[in-house]
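# Structural description and commentary
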Amino acid sequence: MFPSVDFVGKWRRWFAISGVLLALGLLAIAIGRLDLGIDFQGGAQFTATGADRQLGENEVTDVLPPRIAEKSVVTTLGNNGYEVRTPVLSGAESQEVEDALSEALGAEVSATTVSPAFGEQIRNQALQAVIAALLIIVAFISIRFEFSFAIASMAALVHDVLLTVGFYAIFGREVSLVTVVAVLTVLGYSLYDTIIIFDRIRENAPTVGYNRRRFDEMVNASIRQVVRRSIYTSIFTLIPVTALLIFGESTLSDFAFALLVGILAGAYSSIFIAPQVLSLYKAWRAGSVQRSPRSA
Amino acid sequence: MGSTRNNLIVLGLVVVLLGVAAYLIFLRQPVTESTQLGLDLQGGVSAQLRGSQTGGGDVSREEMEQASDLIRQRIDRLGVAEPDVRVQGEDQIVVQIPGVENPREIIDIIGRTAQLGFYQVLAVEGSPNTPAEEVQSVEDELEEDLKDDQEFEPGETKVLFEESPALQGGGTDVFGYVVRQQPDLTGEALQQNGANVAFDPNNKRTVSLQLTTEGGDQMAELTQEMLNEATVSGEPAQLAIALDQDIQSAPQLNEVLADQISISNDGLPEGLPEDEARQLETVLNTGALPVNMEIISQTTVGPTLGLSSLRSGLFAALIGFALVLVLLVVIYRALGLVAALALLIYAFLMWGIIVAVPVTMTLPGIAGIVLSIGVAADANVVIFERIKEEVRRGRTSRAAIQAGYDRGFRAIVDGNITTLITAFILFALSTGSVRGFAVLLVIGVVLSMFTAVVVTRALLGLLSGRGVQLSPGMMGVSKGDISAERTAG
């Protein structure tokens, strides 16, 4: 497939496409569009389901106790559901909100409250988990392949994670604990495509010494051999994930959104980022070896 | 491609496993009860508590275990089904209770340290008929005033409050009391199971406290002293009964008390409200927690929300599953049929494992399964694409299948190990529903390697052993492709 595309040589073009998307995402984060949910900051969230009465979001805000109402955000869920997010509440206050909602809407009210201290703990754990995952994966790839492959896949992974978070900011979706789980899953999964390509590069790699032109051509050929496979594997995972995004509610659609972006980013980075980084890193290493007088 | 005998053994094993799964899912109990649902799917309460020492300092593992036992006992006394109470990490306890009707009461009861204390009241000030929203500010004012009282000595004494429904008129009667820093008598004076809901002569509900002999003596001594002081000062003696930092009741003393004390509320016609009395009885009889507990997160999910999450989750999963099956057959024809069959086997065995372990199904768990369906299909795609590639190079279908499995397997194992790594990290660093996701992802990935690689290979092996030769067209490779590759190669 794609016999005329120079995957490796045109790396500037592929990196530019990612660069623009990444820049947009980082910009969105910089202007504060990233919406950290109550899992990270502490606060309360009420979900009213099966409401008998249809009220506008403003009308729902009006039924809340006044001092809580000014700090809360009401959103509509589907036909007869509402979600209310507030800052941290005391037990009595949260009971007040529950009662107010269930009375005004005739709905069943579910509630989650998280203290700021717990939010901080979650934040730290999430960060630890992501860093631990990255390190272990690098170690694994260094063992199974070689260090240069690990560098390249790490670049692809960081790309995927940043892009996913950036898209959360661009779309203004709430980041929750589930998002972190999804991002971690993406870390493991987006590597799948990269490994399939690296596996082929490893298979095709010449046993004789390194030559940049020859190596890049071999990488190009390897990508061509497996690109269809990469696209199909991504499609086969994206289908059920898309079904979750469309038909799943709240948690599931959040999860699916992160997976969808992450898997797409992963598919892209496995073809257009990781092999190119590998090629550039190899060339840079060869160059620096040549410049050093002892090995010249 | 393995001998026919090996293939038959693999398929025989699959049939046995399917049989076991079918028994576990459908026959051992009604199918509707076979799968354990998490709180987010069936409704319920979960809370996470953090323990701390009053003066700072670390809590020990034993203290946390003890606290979690006490919390379990308290919930049991409320007669709620199957609470799951676990110590997590160094200083946290997770409580999960499925399908409860009175979540608020449970939350109130589990986090209370429930340290009973009897205090001599040194000074008192009150504000009757306070509207609900002003209680806090009134308490702040009372505290200011009481700190100016001559009885208040910083470090030696503290101010505690009592809030009770007003005797006459509306609102809340708020009282602030200056008492000593440490209780004059603690809950240790209480006899085992000594707290009981009772009714006083006016038929008002109270909680009676039966003290131990020693406790009774100390109580007599304390109250005698208080009465003596009252005779000197001319002000009535008052005994405050506190649970943690809340005064429950502060009766005036007319006589020396002994081993029978009661907590009452004269403000209400019925005495203490029924649920409050029951809570007091429960927490006092199970005893105080060895450490202070603070609720750091809590979730209540109503049964309707749970059911609708379950429905939408299953619907989405089934749609995704069906589309994957269809696509497999469309792209890979005969090979796809075999893979689709393997995927159906996979799904059924997965269900069997979930019931057998049992794994509690949660929303993230559903997502994990859906993802693992994709992963399972991927394994077949990797192998089949390799097979098609070999066919295009002009190999016979038999040789191509052999090569596809041999070469594809290595990439699949490497690819899946990275997913397993992240799943293990998730498991180690997380709790509750996220753990469910990690467990399902691990089971799914391992099981998918079995069904997508071993089972499909055995099926294809048997087919070709029976003399069924797959033509390139049956594998989704067109004739033109083959010649094109040949000339290109």
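Procedures and definitions
- Residues numbered from 1 in each chain as written.
- Chains lettered and ligands numbered in written order.
- Predicted model: local features only at pLDDT ≥ 70, side-chain atom pairs only at ≥ 80, totals over all residues.
- Helix = DSSP H or I, 4+ residues; strand = E, 2+ residues; numbered from the N terminus.
- Buried ≥ 20, exposed ≤ 12 C-beta atoms within 10 Å, placed from the backbone.
- Contact = placed C-beta atoms within 7 Å.
- Pairing = 2+ DSSP bridges.
- Axes fitted to C-alpha atoms, helices over the stretch in contact; angles between N-to-C directions.
- Parallel < 35°, antiparallel > 145°, perpendicular 65-115°, else oblique.
- Nonpolar A, V, L, I, M, F, W, Y, C, P; charged D, E, K, R; others polar.
- Expected span 1.5 Å × (residues − 1).
- Domains from an automatic or database assignment.
- pLDDT = per-residue confidence, 0-100.

## Quick notes on the overall build of chain B
When its secondary structure is counted, chain B shows 13 helices and 14 strands. Burial status across chain B gives 46% buried among its 489 residues. The long-range fraction of contacts in chain B, counting pairs at least 24 apart against all pairs at least 6 apart in sequence, stands at 74%.

## What to know about the environment of A:L27
Topologically, A:L27 is positioned in helix α1 (residues 11-30). Each C-alpha atom, one on A:L27 and one on A:I143, is 37 Å from the other, the two residues being 116 residues apart in sequence.

## Comments concerning the sheet that holds strand β2 (residues 84-88) of chain B
Whether parallel or antiparallel, the strands of a sheet pair through hydrogen bonds between backbone atoms. Read from one edge of the open sheet, eight strands run β3(A)-β4(A)-β2(A)-β5(A)-β14(B)-β1(B)-β3(B)-β2(B), paired in antiparallel fashion. Each of the sheet's edge strands pairs with one partner strand only, and the pair in question is β3 (73-77) of chain A together with β2 of chain B. The average angle at which neighbouring strand axes cross in this sheet is 20°, direction not considered. Where β3(A) lies against strand β4 (residues 81-86) of chain A, five bridges are found, and the strand directions are antiparallel. By the bridge assignment for β4(A), A:V74 is matched with A:V84. Strands in contact with helix α4 (residues 61-77) of chain B are β1 (44-52), β2, β3 (92-98) and β14 (292-301) of chain B; relative to β2(B), the strand with the most contacts, it is inclined by about 165°.

## A short note on the environment of B:P183
Residue and element names in this part refer to chain B. Along the chain, P183 turns up in the loop between β7 (172-180) and β8 (185-186). Expressed as a C-alpha distance, the spacing of P183 and G117, which sit 66 residues apart in the sequence, is 5.2 Å. Sequence-distant contacts of P183, that is, excluding residues within four places in its chain, are made with G117, F118 and Y119.

## Digging into the packing of helix α6 (residues 116-144) of chain A against helix α8 (residues 177-204) of chain A
Between two packed helices, what matters for the description is the angle formed by their axes and the separation of those axes. Residues and elements named next belong to chain A. Packing of α6 against α8 brings their axes to within 10 Å, and their N-to-C directions diverge by 5°. In terms of orientation, α6 and α8 fall into the roughly parallel class. The segment α6 lies against α8, with I122, A126, A129, V130, A133 and I137 engaging L177, V180, V183, L184, L187 and L191. Partitioning the contact of α6 with α8 into residue classes produces 12 nonpolar, no polar and no charged.

## Details of the interface of chain A and chain B
Each partner contributes residues to the interface: chain A has 55 residues there, and chain B has 53 residues. Elements that contribute at least two residues to the side of chain A that touches chain B include exactly β2 (43-49), β5 (108-114), α6, α8, α9 (212-247) and α10 (250-272) of chain A. Note: β5(A) against β14(B), four bridges, orientation antiparallel. Each residue of the ladder has a partner; that of A:V114, found in β14(B), is B:S297.

## A short note on helix α7 (residues 213-233) of chain B
Residue and element names in this part refer to chain B. Look at α7: 30 Å from first C-alpha to last across 21 residues, which is about the 30 Å you get at 1.5 Å a residue. Taken together, the buried residues of α7 touch β4 (116-120), β8, β9 (190-199), β10 (205-211) and β11 (239-243). In the stretch just after α7, G234 is the one whose phi turns positive, near 85°.

## Things to note about the sheet that holds β9(B)
Residues and elements named next belong to chain B. Ordered in space as β9-β10-β13, the three strands form an open sheet in which the pairing is antiparallel. The sheet is open, and its two borders are formed by β9 and β13 (260-263), each paired with just one other strand. Strand after strand, the sheet turns through a mean of 25° between neighbouring axes, direction not considered. Pairing of β9 with β10 involves six bridges; the strand directions are antiparallel. From the neighbouring strand, V197 faces β10, where its bridge partner is V207. Contacts between helix α8 (residues 274-286) and the sheet are confined to β9, β10 and β13, with β9 contributing the most and set at about 170° to the helix.

## A look at the domain arrangement of chain A
Considered domain by domain, chain A is made up of domain 1 (11-36 + 118-291) and domain 2 (43-113). Placing the centre of domain 1 of chain A and that of domain 2 of chain A at their C-alpha centroids yields a distance of 39 Å.

## Comments concerning the domain arrangement of chain B
A common measure of how large an interface is: the accessible area buried when the components associate. Residues and elements named next belong to chain B. Under the domain assignment, chain B is made up of domain 1 (4-38 + 302-488), domain 2 (39-112) and domain 3 (116-182 + 213-258). Here domain 1 and domain 2 have C-alpha centroids that lie 39 Å from each other. Contacts between domain 1 and domain 2 engage 14 residues on the former and nine residues on the latter. For the side of domain 1 that touches domain 2, the secondary structure elements donating two or more residues are α9 (303-356) and α12 (432-465). Top element by residues in the side of domain 1 that touches domain 2 is α9. It accounts for five residues. The residue inventory of the side of domain 1 that touches domain 2, partitioned by class, reads six nonpolar, eight polar and no charged.

## Quick notes on the confidence of the model for chain A
Overall, the predicted model of chain A reaches an average pLDDT of 86, with 97% of residues at or above 70. Taking the mean pLDDT of every element in chain A, the minimum, 82, falls on helix α4 (residues 66-69) of chain A and the maximum, 93, on α1(A).

## Digging into unusual backbone geometry
Residue and element names in this part refer to chain B. Backbone torsion omega between V357 and P358 reads -15°, so that peptide bond is classified as cis. By secondary structure assignment, the location of P358 is in the loop between α9 and α10 (363-392). In the Ramachandran plot, N203 falls in the positive-phi region, its phi being about 65° despite a non-glycine side chain. Relative to the helices and strands, N203 is located in the loop between β9 and β10. The exposure class of N203 is exposed, given the 9 C-beta atoms found within 10 Å. The backbone of D244 sits at a positive phi, close to 55°, despite the residue not being glycine. Structurally, D244 can be placed in the loop between β11 and β12 (246-249).

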